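Residue-level structure breakdown
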Amino acid sequence: EASAEVKISAAVAGLGLALRERPVDRAKLAAVVRWAEEAAASGAPDPGGYGEEFLALAREVRELAK
């Protein structure tokens, strides 16, 4: 079980990798959103709200890729 910090870091890196592919890999985007959601749901501190902001961004990218 990874910590919230590791999950959000993996999600950020995963989003960058998913966006490099053409066409964008929707399965990778779904995984990125899932990792970010798990990090947000963990109840770990989110100083500055960057985790929640990233989650909103990842969700928006996932929707745009449909």
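Not measured: the values here are computed from a predicted model.

The rules behind the values
- Residues numbered from 1 in each chain as written.
- Predicted model: local features only at pLDDT ≥ 70, side-chain atom pairs only at ≥ 80, totals over all residues.
- Heavy atoms only, no water.
- Helix = DSSP H or I, 4+ residues; strand = E, 2+ residues; numbered from the N terminus.
- Rg over C-alpha atoms; globule rule 2.2 N^0.38 Å.
- Buried < 20%, exposed > 50% of the residue type's maximum accessible area, 1.4 Å probe, protein only.
- Contact = heavy atoms within 4.5 Å.
- Areas by Shrake-Rupley, 256 points an atom, 1.4 Å probe, with all protein chains shown as cover.
- Lys, Arg positive; Asp, Glu negative; His and termini not counted.
- Charge placed at Lys NZ, Arg CZ, Asp CG, Glu CD.
- Axes fitted to C-alpha atoms, helices over the stretch in contact; angles between N-to-C directions.
- Parallel < 35°, antiparallel > 145°, perpendicular 65-115°, else oblique.
- Left-handed = near helix turned anticlockwise from the far one by under 90°.
- Nonpolar A, V, L, I, M, F, W, Y, C, P; charged D, E, K, R; others polar.
- Expected span 1.5 Å × (residues − 1).
- Arc of directions from axis to C-beta.
- Core = buried A, V, L, I, M, F, W, Y, C linked by side-chain atoms within 4.5 Å.
- Salt bridge = Lys/Arg side-chain N within 4 Å of Asp/Glu carboxyl O.
- 1 Å grid on protein atoms, 1.4 Å probe; cavity = no way out; pocket = protein on both sides within 12 Å on 5 of 7 lines; lining within 4 Å.
- Points joined across faces, edges and corners; volume = space filled by probe spheres on them.

1. A word on the overall build of the protein chain
- When helices and strands are tallied, the protein chain shows 3 helices and 0 strands.
- The C-alpha radius of gyration computed for the protein chain amounts to 11 Å, which stays within 12% of the reference 11 Å derived for 66 residues, consistent with globular compactness.
- In terms of overall dimensions, the protein chain has a C-alpha envelope of 35 × 20 × 15 Å along the principal axes.
- The proportion of buried residues among the 66 residues of the protein chain is 27%.
- Restricting to contacts in the protein chain with at least 6 residues of sequence separation, those with at least 24 account for 60%.
- With the model as given, the accessible surface of the protein chain reaches about 4,400 Å², and the carbon-plus-sulfur share is 58%.
- One finds the centroid of the 9 positive side-chain charges in the protein chain at a distance of 8 Å from the centroid of its 11 negative side-chain charges.

2. A look at the packing of helix H2 (residues 26–41) against helix H3 (residues 50–64)
- Between H2 and H3, whose axes approach to 9 Å, the crossing angle comes to 155 degrees. Comparing their axes, H3 and H2 come out roughly antiparallel. In the packing of H2 onto H3, the handedness of the crossing is left-handed. Only Glu52, Phe54, Leu55, Ala58, Arg59, Val61 and Arg62 of H3 make contact with H2, whose side of the interface consists of Leu29, Val32, Val33, Ala36, Glu37 and Ala40.
- Among the residues making up the contact of H2 with H3, the classes are represented as 9 nonpolar, no polar and 4 charged.

3. Concerning H3
- Relative to the 21 Å expected for 15 residues at 1.5 Å per residue, H3 spans 21 Å between its end C-alpha atoms, a close match to the ideal helical length.
- Where H3 is concerned, the buried positions are Gly51, Phe54, Leu55, Ala58 and Val61. The buried residues of H3 occupy an angular sector of 125 degrees when the element is viewed end-on, so they sit on one face. Residues of H3 that are exposed and point over 90 degrees away from its buried face: Glu53 and Leu64.

4. Brief notes about the nonpolar core
- Core analysis: the biggest nonpolar cluster contains 14 residues, and Leu15, Val32, Ala36 and Phe54 have the highest contact counts within it.
- Of all the elements in the fold, those that place two or more residues in this core are helix H1 (4–20), H2 and H3.

5. A short note on the pattern of salt bridges
- Using the criterion set out here, one finds 5 salt bridges in the structure.
- The partner of Glu21 in a salt bridge is Lys28, with the nearest N and O atoms 2.4 Å apart.
- A relative accessible area of 27% means that Glu21 is categorised as partly exposed.
- We classify Lys28 as partly exposed; its relative accessible area is 36%.
- Because the salt bridges share partners, they merge into one network encompassing Arg62, Glu63 and Lys66.

6. Things to note about the layout of surface pockets
- If you add up the space inside the largest pocket, you get close to 230 Å³.
- Across the lining of the largest pocket, the residue classes tally to 9 nonpolar, 1 polar and 3 charged.

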